[in-house]
Amino acid sequence: MSEVIVLYDGYSVMTGKDQMSANCSCTLLKGIHNVIIDTMTAWDSQKIITALDRNNVRPEDVNYVISTHGHSDHIGNNNLFLMAKHIVGFSVSFQDEYHMHPFDKGEELRIDENVKVVPTPGHTLSDVTVLVISKQATTVAMVGDLFEKFEDIQNPSIWLEAGSEDPVQQMKNRSKVADIADWIVPGHGPKFQVTEQIRQTLKKQIGPDTPS
Ligand SMILES: [Zn+2]
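Okay, so let's go over this structure.

Basis of the calculations
- Residues numbered from 1 in each chain as written.
- Predicted model: local features only at pLDDT ≥ 70, side-chain atom pairs only at ≥ 80, totals over all residues.
- Heavy atoms only, no water.
- Phe/Tyr/Trp six-rings, centres within 6.5 Å; stacked < 30°, edge-to-face > 60°.
- Helix = DSSP H or I, 4+ residues; strand = E, 2+ residues; numbered from the N terminus.
- Buried < 20%, exposed > 50% of the residue type's maximum accessible area, 1.4 Å probe, protein only.
- Lys NZ or Arg CZ within 6 Å of the ring centre and 35° of its normal.
- Pairing = 2+ DSSP bridges.
- Axes fitted to C-alpha atoms, helices over the stretch in contact; angles between N-to-C directions.

### Structural notes on the packing of aromatic side chains
One pass over the full model with this rule turns up three aromatic pairs. Ring centres of Phe90 and Phe103 lie 5.4 Å apart, and the angle between their planes is 25 degrees; on these two criteria the pair is classed as stacked. Pair noted here: Phe90 is in the loop between strand S7 (85-88) and strand S8 (91-94) and Phe103 is in the loop between strand S9 (97-99) and strand S10 (109-112), with a separation of 13 residues, a long-range link. Phe103 sits in the buried class, given a relative accessible area of 1%. A network of ring pairs unites the aromatic residues Phe147, Phe150 and Phe192 as a single cluster. Its guanidinium or amino end placed over the ring of Tyr8, Lys47 lies 4.9 Å from that ring's centre, counting from NZ or CZ. The ring of Trp183 carries the charged tip of Lys191 above its face, separated from the ring centre by 4.9 Å.

Here is the structure:
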């Protein structure tokens, strides 16, 4: 089991017609491996170091950095973690060594018995989600911008307007992840519990005749 610690809740607010203020949720997993998921903007290094320190973790103790996708607010401090393997979307590397993992064929990447990375394209075509078995024996999904925030379940325009390179795939992957997760940590909002009602709502949004 891994301890799931959300270091910072992400947020996104429109501050003008074409301006917004946003930062991503940043999560630490402590277990067989220490994993950090989505490293905020390049201006947040001190915030991350401070939050790790509160949890008795030094940057060099982190074994994996996972950026759910390559946008600037999700990769900003990956270079704090030079002892770690880096997974950025579908790209898996350590220094200049790249490991070709077939995420594009739908294959998950297992980190250890409690943590795995699954492909969930939509927001970008190479988005991933991290699934973890928590100490409470629940499944927690760190989904990046597959879900922008809890409110986007009732109001899909929130995730659509946040940018979606493939809305049909995103819709399907939202439903797929909700079916297996007890909790979701969205890219830009606090974590929320997945209810049966949420699962039904997401399933209905796909509709009966969406081609697969
Ligand atoms: Zn984002």
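### Considerations on the sheet that holds strand S4 (residues 26-30)
With mixed pairing, seven strands are arranged side by side in an open sheet as S1-S4-S5-S6-S7-S8-S9. The open sheet has two edge strands with one neighbour each: strand S1 (3-8) and S9. Ignoring strand direction, the axes of neighbouring strands in this sheet form an average angle of 20 degrees. Where S8 meets S9, three bridges bridge the pair, whose relative direction is antiparallel. Along S9, the bridge assignment pairs Val92 with His99.

### Details of the environment of Leu82
Residue position: Leu82 is located in the loop between helix H2 (72-75) and S7. Leu82 sits 21 residues away from Asp61 along the chain, and the two C-alpha atoms are 9.8 Å apart.

### Examining the pairing of S8
Inspection of the sheet shows S7 paired to S8 by three bridges, in the antiparallel sense. By the bridge assignment for S8, His86 is matched with Ser93. Linking S7 to S8, which pair antiparallel, is a turn of two residues; within it Gly89 sits at a positive phi near 60 degrees. Two successive antiparallel strands, S8 and S9, enclose a turn made up of two residues, where Gln95 displays a positive phi of approximately 50 degrees.

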